[in-house]
Amino acid sequence: MSRTEAPPLPEPLRVPVADSHTHLDMQDATVEEALARAAAVNVTTVVQVGCDVAGSRWAAETAAAHPAVHASVALHPNEAPRIVHGHAEGTARQGAREPGGRAALDEALAEIDALAALDHVRGVGETGLDFFRTGPEGVAAQEESFRAHIEIAKRHGKALVIHDRDAHADVLRVLRDAGAPERTVFHCYSGDAEMARVCAAAGYFMSFAGNVTFKNAQPLRDALAVAPTDLVLVETDAPFLTPAPYRGRPNAPYLIPVTLRAMAEVKGLDEDTLAAAVHDNTARAFDF
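These lines cover the structure that appears in this document, whether it is placed above or below. Counting of residues starts from 1 at the beginning of each chain's written sequence and follows it residue by residue. Local features in this predicted model are restricted to residues of pLDDT 70 or higher, and side-chain atom pairs are both shown and tallied only at a pLDDT of 80 or more, whereas totals for entire chains, interfaces and linings draw on every residue. Excluded from the side-chain calculations are hydrogens and water; all other atoms, namely the structure's heavy atoms, are used.

1. A look at the pairing of strand β1 (residues 17-22)
Right, so step 1: Working definition: with a 1.4 Å probe on protein chains only, accessible area under 20% of the residue-type maximum means buried, over 50% means exposed, and in between means partly exposed. Secondary structure elements follow DSSP: runs of H or I no shorter than four residues count as helices, runs of E no shorter than two count as strands, and numbering proceeds from the N terminus. Of all six residues in β1, six are buried, a share of seventy percent or more.
Right, so step 2: If DSSP finds at least two bridges between two strands, the strands pair. Of the pairings in the sheet, the one linking β1 to strand β2 (residues 43-49) comprises four bridges and is parallel in character. Looking at β2, one finds that Ala-18 is bridged to Thr-45.
Right, so step 3: Crossovers are described as right-handed under a simple rule: with the strands pointing away from the observer, the path leading from the first strand over the helix to the second runs clockwise. One crossover worth recording links β1 to the parallel β2 by way of helix α1 (residues 31-40), and it is right-handed.

2. Some details on the sheet that holds strand β7 (residues 205-208)
Right, so step 1: Read across the sheet, eight strands follow the order β1-β2-β3-β4-β5-β6-β7-β8 without closing on themselves; strand pairing throughout is parallel. Two strands bound the open sheet, and with one partner strand each, they are β1 and β8 (232-234). Averaged over all pairs of adjacent strands, the angle between strand axes in this sheet comes to 30°, irrespective of strand direction.
Right, so step 2: Where β7 lies against β8, three bridges are found, and the strand directions are parallel. Counted as the bridge partner of Phe-208 is Val-234 from β8.
Right, so step 3: It only takes one pair of heavy atoms within 4.5 Å for two residues to be counted as in contact. Angles run from 0 to 180 degrees between N-to-C directions of axes, and those axes are lines fitted to C-alpha atoms, restricted for helices to the stretch in contact. In this fold helix α5 (residues 139-156) packs onto β4 (121-130) and β5 (159-165), with an angle of close to 160° to the strand it touches most, β4.
Right, so step 4: Against the sheet, helix α7 (residues 193-202) touches β5, β6 (184-186) and β7, its axis set at about 135° to β7.

3. Quick notes on the packing of aromatic side chains
Right, so step 1: Any pair of Phe, Tyr and Trp rings, taking the six-membered ring for Trp, is counted once the centres come within 6.5 Å. Such a pair is stacked with planes under 30 degrees apart, edge-to-face with planes over 60 apart, and tilted for the rest. Enumeration according to the criterion identifies two aromatic pairs in this entry.
Right, so step 2: Between the aromatic rings of Phe-186 and Tyr-204, the centroid separation amounts to 5.7 Å while the plane-to-plane angle is 35°, which identifies the pairing as tilted. Here Tyr-204 lies in the loop between α7 and β7 and Phe-186 lies in strand β6, a separation of 18 residues in the sequence.
Right, so step 3: The class for Phe-186 is buried, based on a relative accessible area of 1%.
Right, so step 4: Between Tyr-189 and Phe-208, the aromatic rings sit 5.4 Å apart at their centres with planes inclined by 45°, giving tilted as the arrangement. Remark: Phe-208 occurs in strand β7 and Tyr-189 occurs in the loop between β6 and α7; sequence separation between them is 19 residues. The pair formed by Tyr-189 and Phe-208 is uniform in burial state, with each residue classed as buried.
Right, so step 5: Lysine and arginine charges are scored as sitting over a ring when NZ or CZ, respectively, is within 6 Å of the ring centre and within 35 degrees of the ring normal. Looking at Arg-165, its charged tip hangs above the ring of Phe-132, at a distance of 3.6 Å from the centre.
Right, so step 6: Positioned over the ring face of Phe-214 is Arg-247, at 3.7 Å from the centre of the ring.

Structure (structure tokens):
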């Protein structure tokens, strides 16, 4: 089986559900193809997430054109230091960048703020902190950007979508310090059971991705087990984090049923009950 070959369509869910976090712009299929495949398995709604200014513009335009798509807009935590300090090597999606300093970050944040005002933009994110790819020199720019996104989310009454990688304590500190928006979503939840209890007490939504199915992910399953069902979402983060048994192959919204069924097992719920809860939670989190 080729590692690049798309996994087969799973058995459809009986209850419609939403993919709370996907990147259609990074997937091979057209938007129309991706939505049709998702709908075929009863994944009826997706939240398309921007990671930079161009991607956020694309997310907003795509949501405006497709009723099944809602947009979330932001500068990814790794994007902020690249804007401020430059990025000599560039990335697969962007070439080398010259340092732009604080002014360039302010300009990019102003564009995110303008996009966040649009009706079909339902979230501000993915924002947060990522200490895995960004060294100590980028931390200040990340935190400044994160705090700005929190204010943007609050100003426009939108959900805050958090990317938290190797930064749990600092993300929670900034949320406490700045005051979290009314609706806050931990995308691709990566904390342990203890952190899940902290998030639950604060009323934060926890969105679980395909990595909850990985063999080495028992701490994630322990977190899911204690997370209140009314705060749980499901996502693909496609094309990344494809659930087992398809790990390493391209992910897409139509694979949500695979992850949701694994989650139902962990929660000790039947899949219809969890799907109905997740559908309602996602609509509540993103106010659609």
